[in-house]
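The chain contents come next:
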Amino acid sequence: MLRTWIGDIVDQSGKEADLFGWVDNRRDHGKIIFIDLRDKSGICQVVFGPWSGKELYEQAQKLRNEWVIKVSGLIKERPENMVNKNIPTGTVEVEAKSLEILNSSLTPPFEVTTDGHDVGEEIRMKYRYLDLRRPRMQLNLNLRHRVVKFIRDFLNEYKFIEVETPALTKSTPEGARDYVVPSRLYPGKFFALPQSPQQYKQLLMVAGVERYFQIARCFRDEDTRGDRQPEFTQLDLEMSFVEREDVMELNERLLIDLVKNCTPEKKIQQIPFPRMTYKESMDKYGTDRPDLREDKNDPNLLAFCWIIDFPFFEKTDEGGWTFTHNPFSAPRPEFMDMLLKKENIADILTTQYDVALNGFEIGGGSIRSHTPEALKKVFEIMGFSEDRIVKNFGHMLEALGYGAPPHGGIAWGLDRLVTLLSNEPNIREVIAFPKTGDARDLMMDAPSELEKKQLEELNIEIKKPKK
Ligand code: ASP
């Protein structure tokens, strides 16, 4: 189709153009009607006047905001004093020769031409398809796309392949509550949606894939906060035959190149990224994701840092032990003996590395236990019975027994990274269809009840909800 993108018309004066888009604004000046026309590439001014003829002029009079139209006309330089410096196409305008109304629009419940920060969240989420029309939201979606594309291209150069892993799986012990899906074929049994592809990516290492990544959807049934969502996206990756240093180095390079490429206006405060141990960070900043920016008023300053040498275990409220980050992590090599002997548990340090940016954790990973003995000890330290270990992790222990290579990886919180790169206040601004702060999809009206028949098929009876 011969379509002219609005963003491209600046250098095309003297040419005829077929433009498609939404009426952003209409100004009726009696003899002349101005339309601001918007498509995904930009906004331009279209003019209807005496040259348009009576019929066309009358059609233009009917136009209202957010109507969808096709306009054909002549692209013309504007006289010097009519140039609009506020829009990139402000040096030109389009003299309309024909107009086709492709669809009308109801009056939108809010302005879609503003940045929308002052519009209530409920109404924005209910009409997300309108909210996304804002230039700000379009820019965010675009940035996200460019970030993901950059990651894919970069990792491809380093011999990574993207592999999809299942959404219907078994519960992973990532420390949060699982979302579960009842099985129709096996009444009383449930799948869990993955909190992360952790086990699958390790099994891909056993499978000889050696370098895996995935732009992966993860699900955690937690109380939603500003930077949390029930479902969110990770850049998940795993590599074989690596040590901690290798994974950190590759990720640091990827982050630096990504920032240079996708957000060149940003400045990285310190390269190589500073590193500190968990203890140093806690002692000095009282947190394990310190905000190291020298100038916190600078919206374009990015202060990345690595935090390493976390304790592997911490005490539970009941007085037992649990992992601080990831049960599949290996201890630092000098602590392997302690782990295998289950001695001095509080002193064991893990290979975990976290990467923080401006006070937010944007990623974390580790080198993994690649022998069944080491992994099993972790669960023993956590007080799991032999039975429970076999039932929950038997498949992992077995797989590690079949020549599992040494391996390690990382996962980035992609939504959070894009939020910081776009200077948005929370991750909902960079997710096309997020849940509300209280974990609902107001546009689709989810979660919702099921039909009686569906419940019967699933063998599920609903108890009266507690008041
Ligand atoms: N699976 C871990 C997480 O989601 C990250 C990793 O260790 O690769 O936090």
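Our structure's up above, just so we're on the same page.
Structural notes, computed from the coordinates. All of these numbers come straight from a predicted model, not from anything done at the bench.

Conventions we followed
Residues numbered from 1 in each chain as written. Predicted model: local features only at pLDDT ≥ 70, side-chain atom pairs only at ≥ 80, totals over all residues. Heavy atoms only, no water. Phe/Tyr/Trp six-rings, centres within 6.5 Å; stacked < 30°, edge-to-face > 60°. Helix = DSSP H or I, 4+ residues; strand = E, 2+ residues; numbered from the N terminus. Buried < 20%, exposed > 50% of the residue type's maximum accessible area, 1.4 Å probe, protein only. Polar contact = N/O pair within 3.5 Å; in protein donor to acceptor, adjacent residues only side chain to side chain. Contact = heavy atoms within 4.5 Å. Near = heavy atom within 4 Å. Nonpolar A, V, L, I, M, F, W, Y, C, P; charged D, E, K, R; others polar. 1 Å grid on protein atoms, 1.4 Å probe; cavity = no way out; pocket = protein on both sides within 12 Å on 5 of 7 lines; lining within 4 Å. Points joined across faces, edges and corners; volume = space filled by probe spheres on them.

For the rest of this paragraph, the subject is the packing of aromatic side chains. For any two aromatic rings, the description comes down to two numbers: the centre-to-centre distance and the angle of the planes. Overall, the coordinates contain 12 aromatic pairs when judged by the stated rule. Judged by centre distance (6.3 Å) and plane angle (35 degrees), the ring pair of Phe150 and Phe154 falls under tilted. Residue Phe150 and its partner Phe154 are both found in helix H4 (residues 135–157); the two are separated by 4 residues, about one turn of the helix. Grouping residues by exposure puts Phe150 and Phe154 together as buried.

Relative to the helices and strands, Thr169 is located in the loop between strand E6 (161–162) and strand E7 (180–182). Here Tyr200 takes part through its side chain, which lies 3.0 Å from a polar atom of the side chain of Thr169. Residue contacts for Thr169: discarding those within four places in its chain leaves Phe191, Ala192, Leu193, Pro194 and Tyr200.

We now examine the site of the ligand. By nearness alone, 12 residues border the ligand, and Gln198, Lys201, Arg220, Gln234 and Arg368 come closest of all. Taking Ser196, its side chain carries an N or O atom lying 3.2 Å from a nitrogen atom of the ligand. In this structure, an oxygen atom belonging to the ligand sits 2.8 Å away from a side-chain N or O atom of Arg368. Considered class by class, the residues forming the shell around the ligand number 2 nonpolar, 6 polar and 4 charged.

A separate point is the layout of surface pockets. Approximately 700 Å³ is the volume attributed to the second largest pocket. Considering the residues around the second largest pocket, the lining is formed by 22 residues, among which Tyr179, Val180, Ala446, Pro447 and Ser448 are closest to the centre. When residues of the lining of the second largest pocket are assigned to their parent elements, the largest contribution, 3 residues, is made by E7. Grouping the constituent residues of the lining of the second largest pocket by class yields 16 nonpolar, 1 polar and 5 charged.

Within the secondary structure, Glu66 sits in the loop between helix H1 (54–62) and strand E4 (68–77). Take Glu66: its relative accessible area is 3%, and that puts it in the buried class. Considering only alpha carbons, one finds Glu66 and Asp115, 49 residues apart in sequence, at a separation of 16 Å. With sequence-adjacent residues up to four places away left out, Glu66 is seen in contact with Trp22, Val23, Arg38, Ser105, Pro108, Val112 and Arg133.

This is a description of form; function is not addressed.
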